[in-house]
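The lines below spell out each chain.
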Amino acid sequence: MQAVKQVVEISKYQNNVFEAITSFLNSVSVESEHTRTTYESAIKDFFKNTRDKELKFLTVDDLSFTYYEIELYRNSMIGKYKNSTINTKMIAVKKMYDKLARYGIDVNASAFDVQKLKEHDTNSYDMLTIEEVNKSIDIINKTTNGYEKSLLIKVAFSTALRQNVLLKLKWSDIYMQGETPTIKTLGKGNKWSIKKIDLGLYNELIDYKSKVSRDNVFSLSSSTVQRMMDKINNSIDFGDRNITFHSFKKAS
C-alpha cells in the first residue's frame, strides 16, 4: 500500500508542475527560509525569461531544455549580475530539476550541468558620488513605484545596509531610541546592527507607512531592484565604473 501511495504522489506532479515546484521549495525551506526565497526568485526569473510564464501556468512541455539553451541563458546574465549571483541562480534551477526527476517527471536535469563561473568579482563594484546618488533618486522617482524605490536608495545610502537586509526590513525595525531615529536589523553572524538615520528620512518612512498596509517596509523583489539599477546605468554615464546596488552602500 505504501508503494502504491508513493506512485500516486509522484504521478500527480506530471500534470501539475506548479505543485511539484512548490513541493521542492517547501523542502528547501525546512533547512533555510532565506535559501527558499533565493531559490524561488531564481526559478521565477528562469521561467519568466525562457518561457514568459509565471510558475502556476507552467506545463510539463515547458520543462524541456537542451544544454545549449541553458548555456545561452546563463551567458545572458553575464555582465548584469555578479558571477557569484549567476552561479547561485543556476544552482537553484539545477537542484529543482534534480528533484523534478526524482518526482518521476520526464526532464533532462543533466542539461543544467553548466560550468560555474569564476567568482572573482565578489567586490567588483565602484562608489557613487553624492551627486550621482541624488541623480539616481530623481531618475527612479519617475518610474513605476518610483517613490518606494527612491526610499530604498535613501535608506541604503543612509545606513550602508545590504540589499537582502533592506528587502526584509520591517516597520517594527524602525523606531525612536530616545530622540534618535533608529533602524535595527539582524545581519551576518546573527549580530544586531543599530543604525542612526536622519530625522527627515525617518519622517518620510513613517509617512509612507501610513499609506501602505503590510509588515515589510519594501514590497520590491531582487529582480525589480536589478531592473532599477539597469535603468540607472542606462541613464547616467558612469564611464568604466561598475555601478551596482552595493554602490549606494559604498557611497555612504
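Residues numbered from 1 in each chain as written. Predicted model: local features only at pLDDT ≥ 70, side-chain atom pairs only at ≥ 80, totals over all residues. Heavy atoms only, no water.

For the coordinates displayed, the defined rule picks out ten salt bridges. With a shortest N-O distance of 3.8 Å, Arg36 and Glu40 are connected by a salt bridge. In this pair, Arg36 and Glu40 both sit in helix H3 (residues 33-51), four residues apart, roughly one turn of the helix. A salt bridge links Lys48 to Asp52, with the shortest nitrogen-to-oxygen separation between them at 3.4 Å. Among the residues examined, Lys48 registers a relative accessible area of 44% and is labelled partly exposed. Judged by its relative accessible area of 56%, Asp52 falls in the exposed class. Connected through salt bridges with shared partners, the residues Arg36, Glu40 and Lys44 form a single ionic network. (Salt bridge = Lys/Arg side-chain N within 4 Å of Asp/Glu carboxyl O. Helix = DSSP H or I, 4+ residues; strand = E, 2+ residues; numbered from the N terminus. Buried < 20%, exposed > 50% of the residue type's maximum accessible area, 1.4 Å probe, protein only.)

What follows covers H3. Since the α-helix packs 3.6 residues into each turn, any two residues three or four apart lie on the same face. In a regular helix each residue adds 1.5 Å, so 19 residues correspond to 27 Å; H3 covers 26 Å between its end C-alpha atoms and thus fits that length. Three or more residues of H3 are buried, namely Arg36, Tyr39, Ser41, Ala42, Ile43, Asp45, Phe46 and Phe47. Regarding H3, its N-cap is Ser32, as a side-chain oxygen of that residue lies 3.4 Å from the backbone nitrogen of His34 further along. A positive backbone phi angle near 50° is found at Asp52, which sits one or two residues after H3. (Expected span 1.5 Å × (residues − 1). Polar contact = N/O pair within 3.5 Å; in protein donor to acceptor, adjacent residues only side chain to side chain.)

Before going further, it helps to spend a moment on the packing of aromatic side chains. Enumeration over the complete set of coordinates arrives at eleven aromatic pairs. Between Phe24 and Tyr39, the ring centres sit 6.3 Å apart and the planes meet at 15°, which makes this aromatic pair stacked. Linking Phe24 in helix H2 (residues 17-31) with Tyr39 in helix H3, this pair joins segments that are 15 residues apart in sequence. Each of the two residues, Phe24 as well as Tyr39, counts as buried. With centroids separated by 6.3 Å and ring planes inclined at 70°, the aromatic side chains of Phe65 and Phe112 adopt a geometry described as edge-to-face. In this pair, Phe65 is assigned in the loop between H3 and helix H4 (67-76) and Phe112 in the loop between helix H5 (83-102) and helix H6 (130-141), connecting sequence segments 47 residues apart. Across the pair, exposure class does not vary: Phe65 and Phe112 are buried alike. (Phe/Tyr/Trp six-rings, centres within 6.5 Å; stacked < 30°, edge-to-face > 60°.)

For the protein chain, the mean per-residue pLDDT works out to 87, and 90% of the residues sit at or above 70. Helix H1 (residues 2-11) is the least confidently modelled element of the protein chain, averaging 45 in pLDDT, while helix H9 (residues 199-209) averages 95, the highest of any element. The low-confidence segment residues 1-11, where pLDDT is below 50, has three contacts with residues more than four positions distant or belonging to other chains. (pLDDT = per-residue confidence, 0-100. Contact = heavy atoms within 4.5 Å.)

Here Asn145, not a glycine, exhibits a phi torsion of approximately 55°, which is positive. Relative to the helices and strands, Asn145 resides in the loop between H6 and helix H7 (146-159). Backbone geometry at Ala160 places phi at a positive 65°, although glycine is not the residue there. Taking the relative accessible area as the measure of exposure, Ala160 reaches 23% and is therefore partly exposed.

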